Amino acid sequence: MQMKWPILLLGIFFLNMVAAGEYVLWPAAWLLPVLLVWVFRHYPRWYYFWIVVVVLGISNVITLQGMTPLPVPVEAMFHLFVTLVALVPYWLDRRYHRRRQGFSSSLVLPVAMVLLEYVNTLTSPWGSWGATAYTQADNLVLAQFAALFGIYGIGFLIYWTAALVNNWYEQASLRRMRNSLAAYLAVILFVVIYGSMQLSATQASDSIRVAAIVKSNFELIGRVYKDHTGDELDITRTVSQASPEIMKAGPAMQDFFAHPSAERYAKTRDLLHDIENEAFILAEQAIENGASVIAWFEGQFYGFGPQEDALIQRGREFAARHNVTLFMPMAIIDPEKIESQSPYFMKNQIVIIDRGGQIVHTYHKAKPVPGAEPVKPGDGLIPVIEVDDARLSAVICYDADFPQFMTQSGRKGTQILFIPSGDWFNIKRTHLDMARMRAIENGVNVVRPANNGISSVIDSHGRLLKQINYFEHPNHTLMADVPVATRETFYSRNSEVFIYAMLVLALILFVDYLIALFRREVPNL
């Protein structure tokens, strides 16, 4: 192996460390594919492919550890499998490039990658996790391109750049590369002008004062564990869903859910009551500071069976007394369904209550986290309610990770979208960036109260107007005057157009490859 191969592999390893995950640097997501294309087009032996797989797999296991609610060994195998699948478009680029080295060869990688990410979003229970475009959330000029073609348009640009750069390097002739270079620069110029114009557009000043409230409930898990076992359980705020402490507390939580009225859980019930009271106390303080809409984080209010009605009644009386609109996220557990071994013994919902104390809508989470939530999916219809002449909507956490599902908010004219969420340390930034892309795609403003994450207010261009990190301030109220100005986006009303174009291109490229294969054509060097 020549010296350049170890250097390239080291570059791939370290670039991959910052091309995704919590510590992403957006330029790295552009540079990494450039190296990968070069390596795949030029590796001399089959085993070099597997060396790249191993290097990327190890890097992903290190970088993305704790991002899925899976035990560590299972998560490692999952990341290795995803790595292998993600390299298929590079292999297709190599195969095509051996027959064609013109402009068409620059399209194989981006088309294949876009279609792979699209199919993954539609078929995978993980939604759009892992999509390349999320690495560009801080690159706001480019991010505006999502308003036209969603995250897939951004992914196309990144991978098209990688393929073209390699083509230009191989051609080493300005005369031969001038047409493709001109086409590329025209597209990039359009993207930059479009993004800059969107960001510089003047918006109306109308707004609604909103309070997003987060009150740490980590002590609840420790309390349940102690009531169940008599022992203390040290839980830090940086744990993930699959951390040993959470796994250890699992049997205790299951027993509590099944027997919430048992005498041994008297102190747990007292703590739940205190958490509920404190949530309303914080809401009263927010109202004193001018808030007209209150939203809490996902699962703020716990209830068991008949307690659901009492919780809702308290919210109704509170809303009417204070003349305020409430978005009440509730986790309602049915012990009888646990006893009957029903796979759906919990409701994850938002009860929306208007200023008159009337229930406007009860929204049930449409996309429960696979393997982590015993929740029956809701009907998948995003509600829209009118408050102060503004159109408000709500979904719950993981729902916002599905771009096609979320286009409802844009089509229905939502102005402020509430996304009560429950994250954990390893996904806090990535999940926030995903919500920013939803704001841009649909032209909506977002309010996102996040327990174990970053609570934020995001405008319709993906700009962070305000944010509070749970790991710096576990108990907080994010107060903000949220703009109601929105914009109609091409993507929210025509989300499949770009994908149809990719399918047509894929068919053309496939036919072209078959023709070249049949004619036994060799590349034009």
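Nothing here was measured: the structure is a model prediction, and the numbers come from that model.

1. Regarding the packing of aromatic side chains
Phase 1 of the analysis: Applying the stated rule across the entire model yields 31 aromatic pairs.
Phase 2 of the analysis: Ring geometry for Phe 40 and Phe 49: centres 5.6 Å apart, planes at 90 degrees, overall edge-to-face.
Phase 3 of the analysis: Taking relative accessible area as the criterion, Phe 49 reaches 14% and is therefore assigned buried.
Phase 4 of the analysis: A centroid spacing of 4.3 Å and a plane angle of 20 degrees characterise the contact between Phe 327 and Phe 418, whose relative ring orientation is stacked. Taken together, the positions of Phe 327 in strand 4 (residues 325-333) and Phe 418 in strand 9 (residues 416-418) put the pair 91 residues apart, joining distant regions of the chain.
Phase 5 of the analysis: Exposure remark for Phe 327: the relative accessible area of 0% places this residue in the buried category.
Phase 6 of the analysis: Owing to a relative accessible area of 0%, Phe 418 belongs among the buried residues under this scheme.

2. Looking at helix 3 (residues 46-63)
Phase 1 of the analysis: In a regular helix each residue adds 1.5 Å, so 18 residues correspond to 26 Å; helix 3 covers 26 Å between its end C-alpha atoms and thus fits that length.
Phase 2 of the analysis: The set of residues buried in helix 3 consists of Tyr 48, Phe 49, Val 52, Val 53, Val 55, Leu 56, Gly 57, Ser 59, Asn 60 and Thr 63.
Phase 3 of the analysis: Those residues of helix 3 hidden inside the fold are in contact with helix 1 (4-17), helix 2 (26-42) and helix 4 (72-86).

3. Considerations on helix 5 (residues 88-97)
Three or four residues apart is the spacing at which side chains of an α-helix point the same way, because the helix has 3.6 residues per turn.
Phase 1 of the analysis: Along helix 5, the residues that are buried comprise Pro 89, Tyr 90, Asp 93, Arg 94, Tyr 96 and His 97.
Phase 2 of the analysis: Check the buried side of helix 5 and you find it contacts helix 2, helix 4, helix 6 (108-123), helix 8 (146-171) and helix 18 (497-518).

4. Some remarks on the environment of Lys 367
Phase 1 of the analysis: Its place among the elements puts Lys 367 in the loop between strand 6 (359-364) and strand 7 (385-387).
Phase 2 of the analysis: Accessibility expressed as a relative area gives 28% for Lys 367, which makes it partly exposed.
Phase 3 of the analysis: Sequence separation between Lys 367 and Ile 396 is 29 residues, and the spatial gap between their C-alpha atoms is 8.4 Å.
Phase 4 of the analysis: Discounting chain neighbours no more than four positions away, the residues touching Lys 367 are Tyr 398, Asp 399, Phe 402 and Phe 405.

5. Quick word on the side chain of Ser 180
Phase 1 of the analysis: You can see Ser 180 is positioned in helix 9 (residues 174-200).
Phase 2 of the analysis: Note on Ser 180: relative accessible area 9%, which makes it buried.
Phase 3 of the analysis: At 2.9 Å, the side chain of Ser 180 forms a polar contact with the side chain of Trp 168.
Phase 4 of the analysis: Separated by 3.0 Å, the side chain of Ser 180 and the backbone oxygen of Met 177 make a polar contact.
Phase 5 of the analysis: Not counting chain neighbours up to four residues away, the residues in contact with Ser 180 comprise Phe 103, Leu 164 and Trp 168.

6. Looking at a nonpolar patch on the surface
Phase 1 of the analysis: A cluster of nonpolar side chains, namely Leu 507, Phe 510, Val 511, Leu 514, Ile 515 and Leu 517, defines an oily patch on the protein surface of about 510 Å² accessible area.
Phase 2 of the analysis: Tracing the sequence through the fold places Leu 507 in helix 18.
Phase 3 of the analysis: Here Leu 507 falls in the exposed class, since its relative accessible area comes to 55%.

7. Considering the packing of helix 8 against helix 9
The axes of two packed helices give the description: the angle between them and the distance between them.
Phase 1 of the analysis: Remark: helix 8 packs on helix 9, axes separated minimally by 11 Å, with the N-to-C direction vectors making an angle of 150 degrees. By the criterion of interaxial angle, the relationship of helix 8 to helix 9 is roughly antiparallel. As for the relative orientation of helix 8 and helix 9, their crossing is left-handed in sense. Residues Ala 147, Leu 148, Leu 157, Trp 160, Thr 161, Leu 164, Trp 168 and Gln 171 of helix 8 pack against Arg 176, Met 177, Ser 180, Leu 181, Ala 183, Tyr 184, Val 187, Phe 190, Val 191 and Tyr 194 of helix 9.
Phase 2 of the analysis: Here the contact of helix 8 with helix 9 is composed, by residue class, of 14 nonpolar, 3 polar and 1 charged.

8. With respect to the sheet that holds strand 14 (residues 464-469)
The strands that make up a sheet are held in pairs by hydrogen bonds between backbone atoms, and each pair lies either parallel or antiparallel.
Phase 1 of the analysis: Read from one edge of the open sheet, 6 strands run 7-8-9-11-13-14, paired in mixed fashion. On the outer flanks of this sheet lie strand 7 and strand 14, each paired with one strand and no other. Adjacent strand axes in the sheet meet at a mean angle of 25 degrees, parallel and antiparallel pairs treated alike.
Phase 2 of the analysis: Looking at chain direction, strand 8 (residues 390-394) and strand 9 are connected through 3 bridges and run parallel. Across the sheet, the residue bridging to Ser 393 is Leu 417, located in strand 9.
Phase 3 of the analysis: Each of strand 11 (445-448), strand 13 (454-458) and strand 14 is contacted by helix 16 (residues 428-442), which is oriented at about 15 degrees to strand 13, the strand it contacts most.

9. A look at the side chain of Glu 117
Phase 1 of the analysis: Its place among the elements puts Glu 117 in helix 6.
Phase 2 of the analysis: Of the side chains bearing the opposite charge, Arg 438 lies closest to the buried Glu 117, which forms no salt bridge; the N-O distance is 9.6 Å.
Phase 3 of the analysis: Each residue touching Glu 117, except ones within four places of it in the same chain, is listed here: Gly 130, Ala 131, Thr 132 and Tyr 152.

10. Details of the packing of helix 10 (residues 218-229) against helix 12 (residues 266-288)
Phase 1 of the analysis: One way to put it is that helix 10 packs onto helix 12 with a least axis distance of 9 Å and a crossing angle of 165 degrees. Overall, the two elements helix 10 and helix 12 adopt an arrangement that is roughly antiparallel. Crossing of helix 10 against helix 12: the hand is right-handed. On helix 12, the residues touching Glu 219, Leu 220, Arg 223, Val 224 and Asp 227 of helix 10 are Lys 267, Thr 268, Leu 271, Leu 272 and Ile 275.

11. A look at unusual backbone geometry
Phase 1 of the analysis: Non-glycine residue Asn 323 carries a positive phi angle of around 55 degrees.
Phase 2 of the analysis: Relative accessible area serves as the criterion here: at 46%, Asn 323 is assigned to the partly exposed category.
Phase 3 of the analysis: In this model, Asp 388 sits at a positive phi of 50 degrees, which is unusual for a non-glycine residue.
Phase 4 of the analysis: Counting through the fold element by element, Asp 388 comes out in the loop between strand 7 and strand 8.

12. Points about the environment of Leu 517
Phase 1 of the analysis: Its place among the elements puts Leu 517 in helix 18.
Phase 2 of the analysis: For Leu 517, a relative accessible area of 36% corresponds to the partly exposed category.
Phase 3 of the analysis: A sequence separation of 419 residues divides Leu 517 from Arg 98, and the C-alpha atoms of the two residues are 10.0 Å apart.

13. Looking at the environment of Ile 246
Phase 1 of the analysis: Counting through the fold element by element, Ile 246 comes out in helix 11 (residues 244-258).
Phase 2 of the analysis: Residue Ile 246 is classed as buried on the basis of its relative accessible area, which comes to 19%.
Phase 3 of the analysis: Along the chain, Ile 246 and Tyr 134 lie 112 residues apart, while their C-alpha atoms are 28 Å from each other.
Phase 4 of the analysis: When sequence neighbours within four positions are dropped, the list of residues in contact with Ile 246 reads Ile 221, Val 239, Ser 240 and Gln 241.

14. A short note on the pairing of strand 15 (residues 476-483)
Phase 1 of the analysis: Extensive coverage of strand 15 is indicated by the burial of 6 of its 8 residues.
Phase 2 of the analysis: Sheet analysis places strand 1 (residues 207-214) next to strand 15, joined by 8 bridges and oriented antiparallel. Looking across to strand 15, one finds that Ala 211 is bridged to Met 479.

Definitions and limits used
- Residues numbered from 1 in each chain as written.
- Predicted model: local features only at pLDDT ≥ 70, side-chain atom pairs only at ≥ 80, totals over all residues.
- Heavy atoms only, no water.
- Phe/Tyr/Trp six-rings, centres within 6.5 Å; stacked < 30°, edge-to-face > 60°.
- Buried < 20%, exposed > 50% of the residue type's maximum accessible area, 1.4 Å probe, protein only.
- Helix = DSSP H or I, 4+ residues; strand = E, 2+ residues; numbered from the N terminus.
- Expected span 1.5 Å × (residues − 1).
- Contact = heavy atoms within 4.5 Å.
- Polar contact = N/O pair within 3.5 Å; in protein donor to acceptor, adjacent residues only side chain to side chain.
- Patch = residues over 30% accessible without salt bridge, like charges linked within 9 Å, V, L, I, M, F, W, Y side chains within 5 Å.
- Areas by Shrake-Rupley, 256 points an atom, 1.4 Å probe, with all protein chains shown as cover.
- Salt bridge = Lys/Arg side-chain N within 4 Å of Asp/Glu carboxyl O.
- Axes fitted to C-alpha atoms, helices over the stretch in contact; angles between N-to-C directions.
- Parallel < 35°, antiparallel > 145°, perpendicular 65-115°, else oblique.
- Left-handed = near helix turned anticlockwise from the far one by under 90°.
- Nonpolar A, V, L, I, M, F, W, Y, C, P; charged D, E, K, R; others polar.
- Pairing = 2+ DSSP bridges.
- Lys, Arg positive; Asp, Glu negative; His and termini not counted.

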